[in-house]
Amino acid sequence: MEWEFNEICIVGLGLIGGSFALNLKLKGFPGKITAVDINPEAVEKGIELKIIDKGSLKYSIVSSADLVVIATPVGVYKNVIENLKPYIKEGTVVTDLGSVKGKLVYTCEELLKGVAPFVGGHPIAGTEKSGVENAVENLFVNAKFVVTPTENTDRDALEKVKNLWRNLGSEVIEMEPFYHDKVFAAVSHLPHVVAYSIVSAIDELSEDLKTNLFDYTGGGFRDFTRIAMSDPVMWRDICIENSENILRSIESFKRAIEEVERLIRAKDKEKLKEFFEKAREKRSLVK
Ligand SMILES: NC(=O)c1ccc[n+]([C@@H]2O[C@H](COP(=O)([O-])OP(=O)(O)OC[C@H]3O[C@@H](n4cnc5c(N)ncnc54)[C@H](O)[C@@H]3O)[C@@H](O)[C@H]2O)c1
Ligand SMILES: O=C(O)C(=O)C[C@]1(C(=O)O)C=C[C@@H](O)C=C1
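As annotated in an unreviewed UniProt entry, the chain carries the name prephenate dehydrogenase and is attributed to Balnearium lithotrophicum. Under the UniProt heading Catalytic activity (unreviewed entry), the note attached to the chain is "prephenate + NAD(+) = 3-(4-hydroxyphenyl)pyruvate + CO2 + NADH". UniProt lists a comment for the chain under the heading Sequence similarities (unreviewed entry), and it reads "Belongs to the prephenate/arogenate dehydrogenase family."

Listed below in C-alpha cells is the structure:
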C-alpha cells in the first residue's frame, strides 16, 4: 500500500472527519494526522481517543500538512477556506468530504486559485450520529467514494486523493459535480427530508389525538426514521446548498404520494397493489 502524503490535517473533527482519521490509522497510514476544529471538545476527544496526533483551535496547524481535508458542514466552507488560505504551504492538496458538490466545488477552486489544487470528494457512508466520539471503524470499506473533478482539476492531486481512498477500502467513482448533486438529491437528501417530515407529521397527529403516538412505534417507524436523528446543521446546510435539486426531488415525491392518496381514496385495490409491487421490486434490487 503506497501512501503519498506525510501529514494530513482534518478541518472539522466530527463523525466523518474523525472516522476518516480513525480509518487512516487502522489501515496503517504511517504519517502524522492533525486536526483543527472550532469546538475545543472535539480536539480534546480526538487526542484522548488517539484518533489524531495533534489538534488545535487555530487554523495555523495546517501549515505543515501536505493534505488538508475539509470535513465541516458545507455552509461554512467559504469561511473555512478564507481562514486556512494564509497557512497552506506550497504543494499541499486540499480536498473535502461534504455531501454537496456542484457550484461549491468551483467556489473552492476559485478561493484556492494560485494557492493549492482542490479535489472535491464525498464518501457515501455515514451514520445519524455526530462528533468524533462516534467515529466508526471500517466505515468506508466497500463504500463508494465519489470524486468530482472539473476541467480545472490538477490530475496529479486527483490521482493521489483517489489512491488514498482506495487505501481506505472504498470504491472510487468519478462524477461531474452538478450531476453528483442531482443524484444525491434523489437518493440521500430526499430520504432525509422525508424522514424529518414523517416525524413532524406524527407529532402533529399526536396533538390531534392528544396522545403521544411515539410511545407506540415499532420497527417500521424505527427503520424509516433513523436518519431523522441526523445533525440539523449538516442537513440545513445541505438543503440550502443543493436547494434546486432537492426541490425537484420533493416534487417527484409529492407526485408519488398523491398517486397513493388517489388510489386509496378510489379504493382501487388492483392499482394500489401494482404501485406497491413495483416499488418493492425496485427496492429489492438495491444491494
Ligand atoms: N454524517 C454523515 O453521514 C455524512 C456522510 C458523508 C458526508 N458527510 C459530510 O461530512 C461533513 C461533516 O459531517 P459530520 O457528520 O462529520 O458532522 P459533525 O457535526 O459530526 O462534525 C462537524 C465538525 O465540524 C466542526 N466545525 C464546524 N464549523 C467549523 C469551522 N468553521 N471550522 C472548523 N471546524 C468546524 C464542528 O465543530 C464539528 O466538530 C458534512 O459536510 C457532511 O455533509 C456527512
Ligand atoms: O446512513 C446514514 O445515516 C446516512 O445518512 C449516510 C448518508 C446517506 O446515505 O444518505 C448521508 C449523507 C451522506 O452525504 C452520505 C451518506
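Glancing now at the domain arrangement of the chain. Along its sequence, the chain is carved into domain 1 (7-175) and domain 2 (179-284). Each partner contributes to the interface: domain 1 provides 17 residues, whereas domain 2 provides 17 residues. Of the roughly 1300 Å² buried between domain 1 and domain 2 on both sides combined, carbon and sulfur atoms contribute 67%. The largest per-residue losses of area from domain 1 upon contact with domain 2 belong to Val100, Glu128 and Met175, which jointly make up 42% of the total buried on that side. Here Arg226 and Glu128 are joined by a salt bridge, their closest N and O atoms 2.6 Å apart. The tally of links between domain 1 and domain 2 comes to 6 residue pairs in polar contact (both at pLDDT 80 or more). Here the residues of the side of domain 1 that touches domain 2 sort into 8 nonpolar, 7 polar and 2 charged.

Another point: the site of ligand 2. Every residue lining ligand 2 is accounted for by Ser99, His122, Pro123, Ala125, Gly126, Thr127, Glu128, Ser188, His192, Arg226, Ile227 and Trp235. Within the side chain of Ser188, a nitrogen or oxygen atom sits 2.6 Å from an oxygen atom of ligand 2. Between an oxygen atom of ligand 2 and a side-chain N or O atom of His192, the distance comes to 3.0 Å. In isolation ligand 2 exposes 370 Å². Once the protein is present, 81% of that is buried. Broken down by secondary-structure element, the contributors of at least two residues to the shell around ligand 2 are strand 7 (121-123) and helix 6 (177-209). Here the shell around ligand 2 is composed, by residue class, of 4 nonpolar, 6 polar and 2 charged.

Our focus in this paragraph is the sheet that holds strand 8 (residues 144-147). One open sheet accounts for 3 strands, arranged 7-8-9; its pairing is mixed. Each having just a single partner strand, strand 7 and strand 9 (171-174) make up the two edges of the open sheet. Between one strand axis and the next, the sheet turns by 20 degrees as a mean value, whatever way the strands run. Here strand 8 runs beside strand 9; their pairing, made up of 4 bridges, is parallel. Within the sheet, the bridge partner assigned to Val146 lies in strand 9 and is Ile173.

Scanning the entire structure with this criterion turns up 14 salt bridges. Ionic pairing is found between Lys101 and Asp96, a salt bridge with its closest N-O pair at 2.9 Å. There is no split in this pair, since Lys101 and Asp96 are both buried. Of the charged contacts, one joins Glu261 and Arg265 as a salt bridge, the two residues approaching to 2.8 Å between their closest N and O atoms. Separated by 4 residues within a single helix, Glu261 and Arg265 lie in helix 9 (residues 243-265), roughly one turn from each other. We classify Glu261 as partly exposed; its relative accessible area is 41%. With relative accessibility at 63%, the residue Arg265 sits in the exposed group. Residues joined in a network through salt bridges with shared partners are Glu41, Lys45 and Glu133.

Conventions used here
- Residues numbered from 1 in each chain as written.
- Chains lettered and ligands numbered in written order.
- Predicted model: local features only at pLDDT ≥ 70, side-chain atom pairs only at ≥ 80, totals over all residues.
- Heavy atoms only, no water.
- UniProt positions renumbered as here; feature names shortened; annotations may be inferred.
- Domains from an automatic or database assignment.
- Contact = heavy atoms within 4.5 Å.
- Buried area = accessible area lost by both parts, 1.4 Å probe.
- Salt bridge = Lys/Arg side-chain N within 4 Å of Asp/Glu carboxyl O.
- Polar contact = N/O pair within 3.5 Å; in protein donor to acceptor, adjacent residues only side chain to side chain.
- Nonpolar A, V, L, I, M, F, W, Y, C, P; charged D, E, K, R; others polar.
- Near = heavy atom within 4 Å.
- Areas by Shrake-Rupley, 256 points an atom, 1.4 Å probe, with all protein chains shown as cover.
- Helix = DSSP H or I, 4+ residues; strand = E, 2+ residues; numbered from the N terminus.
- Pairing = 2+ DSSP bridges.
- Axes fitted to C-alpha atoms, helices over the stretch in contact; angles between N-to-C directions.
- Buried < 20%, exposed > 50% of the residue type's maximum accessible area, 1.4 Å probe, protein only.

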